[in-house]
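# Topology and contacts: notes
Letter by letter, the chains look like this.
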Amino acid sequence: MRYAVDIGGTKTALGVFSDDALELLDARVLPTPRASWEAFEAGVGEALETLAARHGPPTRLGVSVAGVVHPNTGVVRCTNVPAVHGQPLAQRLEARLGLPVRVANDADCFALAEARHGEGQGAGVMLGLILGTGVGGAVVVAGQLLPGRSGLSGEWGHGNQLQDRVAALGLRVRTCPCGLGTCLDLYGAGRGLGKVYTDVCELHFDAPPETTSAKAIVAAWRAGQAPAERAVALWLTLVAPAVASLVNVLDPQRVVVGGGMANDGALLQALDARVRELSLADHDRALVVPGRFINDGSLRGAASL
Ligand SMILES: [Zn+2]
């Protein structure tokens, strides 16, 4: 029996999986205990005990976290969840639970689930992209996550220096909290599309935006609303070259997308078409596709760790 935990900024999911990590047998969701390590350890420990009483004790535990896991020290950087930020999470949970624990970044876990059991099965190289609130990603080679130096592989949304490009497109130039200037993360996922749409409405159409929700903007784009059409066109102009650059470096068989924006098939088809236009290789089938586990890929991937 494999147990998995997915630690997010607001909620934490726990799952019990079959030994091959394919079948989700039981799950629990609790508000992430954020205040202190002690509160986190107690909350998650109690939820695991409840599941173990039903399904038997776990033999191993995989943990997905919305942060960076240092490959040597195991220390987690996760400012969204102060309770685990700065903690060597695997070591501390192993000491508490007395079983092997492995911890990985949530985008890494999503990509692993897709490569092993989802839309990336059989791909020698699979690129996993997250288009959720922000931009993220991970690379899986021959079914294994790329073991990087600092746990930061797949972070294609930072260091892009987009200030001139953004200004030329008539959008506001913003500065990323990461300290690297005008990053794609500011424009590239759901939160970013909201900003692009706001700029388009205010600066191009001289009207306040009716929404900043990516879902509503994409729906308006599909309905042919002019500001939404321009916003999505600009969004594709910024995002597609960054994805194509990754495709030209890695030459993946599949680019599998997770996060909330992956739920819109038409948007992903438009992104796929632009990326294939900008790719050096010929692709005779869809390259950028929505994941099979958009909603629970991180939990599933954690079970595979
Ligand atoms: Zn940045």
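The protein chain is annotated in an unreviewed UniProt entry as N-acetylglucosamine kinase of Plesiocystis pacifica SIR-1. According to its UniProt record, the protein chain has this under Catalytic activity (unreviewed entry): "N-acetyl-D-glucosamine + ATP = N-acetyl-D-glucosamine 6-phosphate + ADP + H(+)".

This part takes up the coordination of the zinc ion. The zinc ion binds to the protein through His158 (ND1), Cys176 (SG), Cys178 (SG) and Cys183 (SG); the donor distances cover 2.0 to 2.4 Å. Classification of the site at the zinc ion as tetrahedral follows from its 4 donor atoms and the range of 106 to 116° in their angles at the metal. Binding-site remark: the zinc ion is held by donors from one chain whose sequence spacing is H-x17-C-x1-C-x4-C.

Taken as a whole, this structure holds 12 salt bridges when the rule is applied. A salt bridge links Arg274 to Glu277, with the nearest nitrogen and oxygen atoms 2.5 Å apart. Of this pair, Arg274 and Glu277 both sit in helix 8 (residues 265-277), 3 residues apart, roughly one helical turn. Overall, Arg274 belongs to the partly exposed group, its relative accessible area being 27%. Exposure remark for Glu277: the relative accessible area of 56% places this residue in the exposed category. Connected through salt bridges with shared partners, the residues Arg172, Arg174, Asp199 and Glu202 form a single ionic network.

Along the polypeptide, Gly124 turns up in the loop between helix 3 (106-117) and strand 8 (125-131). Through-space distance from the C-alpha of Gly124 to that of Val141 is 5.7 Å; in sequence the pair is 17 residues apart. If we skip the residues at most four places from it in the chain, Gly124 touches Val140, Val141, Ala142 and Gln253.

This next bit is on the domain arrangement of the protein chain. Assigned domains of the protein chain: these are domain 1 (2-99) and domain 2 (122-290). Each partner contributes residues to the interface: domain 1 has 4 residues there, and domain 2 has 5 residues. Taken together, both faces of the contact between domain 1 and domain 2 bury some 310 Å²; the carbon and sulfur share is 60%. Summed over the shared surface of domain 1 and domain 2, the result is 0 salt bridges. Linking domain 1 with domain 2 are 0 residue pairs in polar contact (both at pLDDT 80 or more), by the criterion used here. Across the side of domain 1 that touches domain 2, the residue classes break down as 3 nonpolar, 1 polar and no charged.

Right, let's talk about the packing of helix 5 (residues 190-204) against helix 6 (residues 214-222) for a bit. Where helix 5 contacts helix 6, the axes come no closer than 8 Å and their chain directions differ by 60°. Between helix 5 and helix 6, the angle is such that the two are oblique. The chirality of how helix 5 crosses helix 6 is left-handed. Here helix 5 contributes Gly190, Leu193, Gly194 and Tyr197 to the contact with helix 6, which in turn contributes Ala214, Ile217 and Val218.

With that settled, consider the sheet that holds strand 7 (residues 101-105). Pairing within the open sheet is mixed, and its 5 strands lie in the order 3-2-1-4-7. At either end of the open sheet lies a strand with only one pairing partner, and these are strand 3 (24-31) and strand 7. This sheet shows a mean twist of 15° between the axes of neighbouring strands, independent of strand direction. The pairing of strand 2 (residues 11-17) with strand 3 spans 7 bridges and is classified as antiparallel. Bridge assignment links Thr12 to a residue of strand 3, and that residue is Leu30. On the sheet, helix 1 (residues 37-55) packs against strand 1 (2-7), strand 2, strand 3 and strand 4 (60-65) and is oriented at approximately 155° with respect to strand 3. Across the face of the sheet, helix 3 comes into contact with strand 1, strand 4 and strand 7 while running at roughly 100° to strand 7.

Below, the discussion takes up the pairing of strand 9 (residues 135-141). Among the 7 residues in strand 9, 6 count as buried, and that is most of the element. Strand direction decides the pairing type here: strand 8 and strand 9, joined by 7 bridges, are antiparallel. Each residue of the ladder has a partner; that of Ile130, found in strand 9, is Gly136. The pairing of strand 9 with strand 10 (residues 144-145) spans 2 bridges and is classified as antiparallel. Bridge pairing in strand 10 links Val140 to Leu145. With antiparallel pairing between neighbouring strands as the criterion, strand 9 and strand 10 make up a hairpin whose turn holds 2 residues, including Ala142 at a positive phi of roughly 50°.

Here we come to the sheet that holds strand 12 (residues 288-290). Reading across the sheet, the 5 strands line up as 10-9-8-11-12 and stay open at both edges, with mixed pairing between neighbours. The two strands at the open ends of the sheet, each matched to only one other strand, are strand 10 and strand 12. Against the sheet, helix 7 (residues 226-250) engages strand 8, strand 9 and strand 11 (254-258), with an angle of about 160° to strand 8. Against the sheet, helix 8 touches strand 8, strand 11 and strand 12, its axis set at about 165° to strand 12.

Parameters at a glance
- Residues numbered from 1 in each chain as written.
- Predicted model: local features only at pLDDT ≥ 70, side-chain atom pairs only at ≥ 80, totals over all residues.
- Heavy atoms only, no water.
- UniProt positions renumbered as here; feature names shortened; annotations may be inferred.
- Donors = N, O, S within 2.8 Å, 3.2 Å for Na, K, Ca; no water.
- Tetrahedral: all angles 85-135°; square planar, octahedral: opposite > 155°, others 65-115°.
- Salt bridge = Lys/Arg side-chain N within 4 Å of Asp/Glu carboxyl O.
- Helix = DSSP H or I, 4+ residues; strand = E, 2+ residues; numbered from the N terminus.
- Buried < 20%, exposed > 50% of the residue type's maximum accessible area, 1.4 Å probe, protein only.
- Contact = heavy atoms within 4.5 Å.
- Domains from an automatic or database assignment.
- Buried area = accessible area lost by both parts, 1.4 Å probe.
- Polar contact = N/O pair within 3.5 Å; in protein donor to acceptor, adjacent residues only side chain to side chain.
- Nonpolar A, V, L, I, M, F, W, Y, C, P; charged D, E, K, R; others polar.
- Axes fitted to C-alpha atoms, helices over the stretch in contact; angles between N-to-C directions.
- Parallel < 35°, antiparallel > 145°, perpendicular 65-115°, else oblique.
- Left-handed = near helix turned anticlockwise from the far one by under 90°.
- Pairing = 2+ DSSP bridges.

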